[in-house]
Amino acid sequence: MYEPKMKETDNSVIEFIENVDSPKKKEDAYKLLEIFEETSGFKAKMWGPSIIGFGSYHYKYATGHEGDAPLVGFSPRKAKISLYFATGDTEREVILERFGKHTSGKACVYINKVADIDVEVLKELINRSITFLHETYGI
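A few points on the structure.

Moving on to the overall build of the protein chain. Along its length, the protein chain carries 4 helices and 8 strands. Taken from the N to the C terminus, the helices and strands of the protein chain come in the order α-α-β-β-β-β-β-β-α-β-β-α. Expected size for 139 residues packed as a compact globule is a radius of gyration near 14 Å; at 14 Å, the protein chain falls within 12% of this value. For the protein chain, the spread of C-alpha atoms along the three principal axes comes to 40 × 35 × 25 Å. Within the protein chain, the fraction of its 139 residues that count as buried is 43%.

What follows concerns the pairing of strand β5 (residues 72-76). Across the 5 residues that make up β5, a large majority, 5, are buried. Every second residue of β5 is oriented toward a common face, with Val 72, Phe 74 and Pro 76 on one face and Gly 73 and Ser 75 on the other, all of them buried. With 3 bridges joining them, strand β2 (residues 51-54) and β5 adopt antiparallel strand pairing. From the neighbouring strand, Gly 53 faces β5, where its bridge partner is Gly 73. Two elements, β5 and strand β6 (residues 81-84), share 4 bridges in a ladder whose sense is antiparallel. Its bridge partner being in β6, Pro 76 is matched across the sheet by Ile 81. Connecting β5 to the antiparallel partner β6 that follows it, the hairpin turn spans 4 residues.

About the thresholds
Residues numbered from 1 in each chain as written. Predicted model: local features only at pLDDT ≥ 70, side-chain atom pairs only at ≥ 80, totals over all residues. Heavy atoms only, no water. Helix = DSSP H or I, 4+ residues; strand = E, 2+ residues; numbered from the N terminus. Rg over C-alpha atoms; globule rule 2.2 N^0.38 Å. Buried < 20%, exposed > 50% of the residue type's maximum accessible area, 1.4 Å probe, protein only. Pairing = 2+ DSSP bridges.

Put into structure tokens, the structure is as follows:
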């Protein structure tokens, strides 16, 4: 049976951040932790070994694949900081035009550091992602 790699764990978020090698990335991780908790209204939880997630929802694809995922999250990775927002929301691209220096993929938005982005736009992205997931999954 399929076992999802990304699931909520009891691992310590603070311990994870404290083990981030780069002092600057560690500092940014603490800033993001505060922003995401305050904006989402959810306490941070570890998802898998390296994603800090906030809230959760249950998804089910047309293929029958289903699972749980955080509503929003981030991970201070070695190369860049990954920000996780809802996929499929067309409004995300419009908001990202005002975000600051970033690159993006299907599910992730990548930044080098918090100083490169507009924090108010980050809050907007967090709120929009949660709203989109509520509308899409009825949570």
